[in-house]
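The lines below spell out each chain.
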Amino acid sequence: MPTEDPQTYRLGVLPGDGIGPEIVPAAVEVMDAAVAAAGAKPIEWVPLPVGAAGIESHGSALPAETLEALEESDGWLLGPHDSAAYPEEHRLQLNPSGFLRKHFDLFANLRPAKAFEGTKALLPGIDLLIVRENTEGFYADRSTYRGTGEFMPTPDVAIAMGIFTRPAIERIAWQAFELARRRRRHVTVVHKANVLRMTTGFFLDICREIGADYPDVELDDFHIDAMTVHLVRRAAAFDVIVTENMFGDILSDLAGELAGSLGIAPSINASHTRAMAQAAHGSAPDIAGRGLANPIAMISSGAMLLDWLGTQRADAATRRAATLIETALTATVRAGISTSDLGGTASTKAFTAAVVAAIETA
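So, a few notes on the structure that sits alongside this text. Small disclaimer: the values here were computed from a predicted structure and weren't measured.

Scoring rules and cut-offs
Residues numbered from 1 in each chain as written. Predicted model: local features only at pLDDT ≥ 70, side-chain atom pairs only at ≥ 80, totals over all residues. Heavy atoms only, no water. Helix = DSSP H or I, 4+ residues; strand = E, 2+ residues; numbered from the N terminus. Buried < 20%, exposed > 50% of the residue type's maximum accessible area, 1.4 Å probe, protein only. Contact = heavy atoms within 4.5 Å. Areas by Shrake-Rupley, 256 points an atom, 1.4 Å probe, with all protein chains shown as cover. Patch = residues over 30% accessible without salt bridge, like charges linked within 9 Å, V, L, I, M, F, W, Y side chains within 5 Å. Salt bridge = Lys/Arg side-chain N within 4 Å of Asp/Glu carboxyl O. Pairing = 2+ DSSP bridges. Right-handed = clockwise from strand over helix to strand, strands pointing away. Polar contact = N/O pair within 3.5 Å; in protein donor to acceptor, adjacent residues only side chain to side chain. Phe/Tyr/Trp six-rings, centres within 6.5 Å; stacked < 30°, edge-to-face > 60°. Core = buried A, V, L, I, M, F, W, Y, C linked by side-chain atoms within 4.5 Å. Axes fitted to C-alpha atoms, helices over the stretch in contact; angles between N-to-C directions. Parallel < 35°, antiparallel > 145°, perpendicular 65-115°, else oblique. Left-handed = near helix turned anticlockwise from the far one by under 90°. Nonpolar A, V, L, I, M, F, W, Y, C, P; charged D, E, K, R; others polar.

Overview of the overall build of the chain
So, step 1. Helices and strands together make up the secondary structure of the chain, namely 12 helices and 12 strands.
So, step 2. The C-alpha extent of the chain, read off along each of the three principal axes, is 55 × 50 × 40 Å.
So, step 3. Looking at the 362 residues of the chain, the share that counts as buried comes to 54%.
So, step 4. Within the chain, counting contacts between residues at least 6 apart in sequence, those at least 24 apart form 75% of the total.
So, step 5. Taken as a whole, the chain presents about 15500 Å² of accessible surface, with 55% of it coming from carbon and sulfur.

What about a nonpolar patch on the surface?
So, step 1. A grouping of Phe 151, Val 157, Ile 159 and Met 161 is seen on the molecular surface, where their side chains present a nonpolar patch of about 290 Å² in accessible area.
So, step 2. Mapped onto the elements, Phe 151 comes out in strand β6 (residues 150-154).
So, step 3. A relative accessible area of 38% means that Phe 151 is categorised as partly exposed.

Digging into the pairing of strand β9 (residues 218-223)
So, step 1. The pairing of strand β8 (residues 186-191) with β9 spans 6 bridges and is classified as parallel. Paired with Val 189 across the strands is Asp 221, a residue of β9.
So, step 2. Following the backbone out of β8, through helix α7 (residues 200-211) and into the adjacent parallel β9, one traces a crossover that is right-handed.

With respect to the side chain of Thr 339
So, step 1. By the element assignment, Thr 339 lies in the loop between α11 (316-334) and α12 (348-360).
So, step 2. A relative accessible area of 1% places Thr 339 in the buried class.
So, step 3. Looking at Thr 339, its side chain comes within polar contact range of the side chain of Asp 341, at 2.6 Å.
So, step 4. If we skip the residues at most four places from it in the chain, Thr 339 touches Leu 292, Ala 293, Asn 294, Pro 295, Gly 344, Ala 346, Ser 347 and Phe 351.

Topic: the packing of aromatic side chains
So, step 1. A complete count under the given rule lists 5 aromatic pairs for this structure.
So, step 2. On the numbers, 5.8 Å between centres and 80 degrees between planes, the contact of Phe 222 with Phe 238 is edge-to-face. Of this pair, Phe 222 sits in strand β9 while Phe 238 sits in the loop between α8 (224-234) and β10 (240-243); the two residues are 16 residues apart in sequence, bridging distant segments of the chain. Each member of the pair Phe 222 and Phe 238 is classed as buried.
So, step 3. Chaining the aromatic ring pairs together yields one cluster made of Phe 138, Phe 164 and Phe 247.

What to know about unusual backbone geometry
Only a minority of non-glycine residues have a phi that is not negative, and only a minority of peptide bonds are not trans.
So, step 1. Its identity is not glycine, yet Arg 185 carries a phi of approximately 55 degrees, on the positive side.
So, step 2. For Arg 185, the position within the fold is in the loop between α6 (166-181) and β8.
So, step 3. Of the residues examined, Arg 185 reaches a relative accessible area of 36% and is grouped as partly exposed.
So, step 4. In this structure, Ala 284 is a non-glycine residue whose phi angle is positive, near 45 degrees.
So, step 5. Locating Ala 284 in the fold gives a position in the loop between β12 (275-277) and α10 (296-312).

Observations regarding the nonpolar core
So, step 1. Counting 94 residues, the largest nonpolar core has Leu 77, Ile 126, Leu 128 and Ile 325 as the members making the most contacts within it.
So, step 2. When residues of this core are assigned to their parent elements, the largest contribution, 10 residues, is made by α10.
So, step 3. When sequence neighbours within four positions are dropped, the list of residues in contact with Ile 325 reads Val 30, Met 31, Ala 34, Ile 299, Ala 303, Leu 306 and Ile 359.
So, step 4. With 14 residues, the next largest nonpolar core counts Leu 14, Ala 69, Leu 70 and Trp 76 among its residues.

Thoughts on the sheet that holds strand β1 (residues 10-14)
So, step 1. Read from one edge of the open sheet, 10 strands run β2-β1-β3-β12-β11-β4-β5-β10-β8-β9, paired in mixed fashion. At either margin of the open sheet sits one strand with a lone partner, and together these are β2 (44-47) and β9. Averaged over all adjacent pairs, the angle separating strand axes in this sheet is 25 degrees, with direction ignored.
So, step 2. Of the strand pairs in this sheet, strand β5 (residues 127-133) and β10 are connected by 4 bridges, and their pairing is parallel. Counterpart to Arg 132 in the pairing with β10 is Thr 243.
So, step 3. Running over the sheet, α6 touches β4 (108-114), β5, β8, β9 and β10 and is turned about 165 degrees from β5.
So, step 4. On the sheet, helix α9 (residues 245-258) packs against β4, β5, β8 and β10 and is oriented at approximately 155 degrees with respect to β5.

Observations concerning the environment of Pro 63
So, step 1. With respect to the secondary-structure elements, Pro 63 resides in the loop between α2 (51-58) and α3 (64-71).
So, step 2. It is 7.0 Å that separates the C-alpha atoms of Pro 63 and Val 50, two residues lying 13 residues apart in sequence.
So, step 3. Not counting residues up to four positions away in its chain, the partners in contact with Pro 63 are Pro 49, Gly 54 and His 58.

What about the packing of α6 against α7?
For any two helices packed against each other, the geometry is given by the interaxial angle and the distance between the axes.
So, step 1. One can describe the packing of α6 onto α7 by two numbers: an axis separation of 9 Å at closest approach and a directional angle of 50 degrees. Accordingly, the angle class assigned to the pair α6 and α7 is oblique. Seen along the crossing, α6 lies across α7 with a hand that is right-handed. Residue-level inspection shows Arg 166, Ile 169, Glu 170, Ile 172, Ala 173, Trp 174 and Phe 177 of α6 in contact with α7, the latter providing Phe 202, Phe 203, Ile 206, Cys 207, Glu 209, Ile 210 and Gly 211.
So, step 2. When its residues are assigned to classes, the contact of α6 with α7 shows 10 nonpolar, 1 polar and 3 charged.

Here is the structure:
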């Protein structure tokens, strides 16, 4: 049962590259306002270097000191990284996001797509959650214990492995069905079992096995190619979509754009013990430092982290803080305040201030 005894959380702050140093502080400011308004204890923030700043200060995009601090944290905010712009020796390494997901076994990547009232979303009725398996599948950079799942046996042959294991599929399927019970009780499995029978077919079979334990949740499935069409035509018909790593990455970008903009696409990456809040979009170096960045995705990712912590720890005050953030974001956009990607004129700071004001006057 939820408790009214607020808890203190230690959260890392990793600004990242490009627009990260603008949108991550915005999320911190909004989260501080929300926990105060909800009667929760103040968050203990731990600023940590990552990305280009980490290379400059520690010679590493993900310094050992950062990893050590995260080991002692309940979760963290990770800004976008621009690993393509790092010096060559750092580009050859696993990027900070991929490394953290793999190192901390953050197996569940939860990516909502929901249109905001008052914006010109391509599909105004979209409100779904993509539950992406985050540790194996067809993403070769994190699917093996050491090295990657890509290799070249000869100069003219390149091979990538897709890895699917029962334990990983069972735990992501369980997450999907549990989350569906908190939403509209409908899970859709996305696969390519007509061709990739022993890999994505295995994924589908195990999801069906887990689904048998949830008779109150409707279960259906679609091939990945068909699913792209169904999302464009009738995204409002879907609730929770569960799929393997690469399919989930592709579908979540599509869903985010259908909802209005990747600038509003949040996510968390979670294990059973900790979670990382991370906007689904990139570092947008072309607009960095100009006050144009949309902070919604990062702010909403912070709200997801609070909701996850509050659920895991049975902490009602922290879950109230998450709800306050989402309500304030909706009210702010409905009032006509938004950044340019949503058709508005507000700067990053002006939009953030409006969200904080909406929380404080709620």
